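Spelled out from the first residue to the last, the chains are:
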Amino acid sequence: MDREIGARIWLIPDAYLPEIGDPNLPSHESTCILNVNDKPAKVKFTFYFEDKDPIESKEIIVPPKRTWHVRLDKSEEILGVKLERNVPFAIKVESDVKIVVQHSRLDTRQPNLSYMTAIAWDVD
């Protein structure tokens, strides 16, 4: 591949981990990273809050031509960052190679569960 596809910086202004809801299908958010390029992507998250300083994650590696759905309800084990439920936040996703980022929320607090997804804002 002669050129990288995607962007190096992505923004997700609306993020929120709802209460667990259905324990068999817990509410969660997921940031999907797609690396269609020939090189691994070194990816780092920064989480922004209304009333406290930002938190940076540890680096994760997304292999070439792969995707990783980063479950934010498991952020402590995946990213080294503990995110609280019921606290609004925003996310910056940075990579050393171009990637594509999509963000989704599954809310199972009621029987008629809801699902939301959006492509993040690419800064490049």
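Everything quoted here is computed from the prediction, not taken from an experiment. (Residues numbered from 1 in each chain as written. Predicted model: local features only at pLDDT ≥ 70, side-chain atom pairs only at ≥ 80, totals over all residues. Heavy atoms only, no water.)

If you had to explain the packing of aromatic side chains to someone new, which residues and values would you point to?
Scanning the model with the defined rule gives 3 aromatic pairs in all. Considering the side-chain rings of Phe47 and Phe89, the 5.8 Å spacing of their centres and the 70° angle between planes classify their relative orientation as edge-to-face. Remark: Phe89 occurs in strand β7 (residues 89-107) and Phe47 occurs in strand β3 (residues 41-49); sequence separation between them is 42 residues. Both residues of the pair, Phe47 and Phe89, belong to the buried class. Relative to Phe89, the ring of Phe49 lies with its centre 6.2 Å away and its plane at 45°, an arrangement referred to as tilted. Within this pair, whereas Phe49 is found in strand β3, its partner Phe89 is found in strand β7, the two being separated by 40 residues in sequence. Phe89 shares its class with Phe49; the two are buried. Clustering of aromatic rings is evident, with ring pairs tying together Phe45, Phe47, Phe49 and Phe89. A cation over a ring is seen here: Lys52 above Phe49, with NZ or CZ 4.5 Å from the ring centre. (Phe/Tyr/Trp six-rings, centres within 6.5 Å; stacked < 30°, edge-to-face > 60°. Helix = DSSP H or I, 4+ residues; strand = E, 2+ residues; numbered from the N terminus. Buried < 20%, exposed > 50% of the residue type's maximum accessible area, 1.4 Å probe, protein only. Lys NZ or Arg CZ within 6 Å of the ring centre and 35° of its normal.)

Tell me what's going on with unusual backbone geometry, and back it up with residues and numbers.
Even without being glycine, Lys65 reaches a positive phi, approximately 55°. According to the relative accessible area criterion, Lys65 is partly exposed, its value standing at 48%. You will see that Asn86, though not glycine, has its phi angle at about 65°, which is positive.

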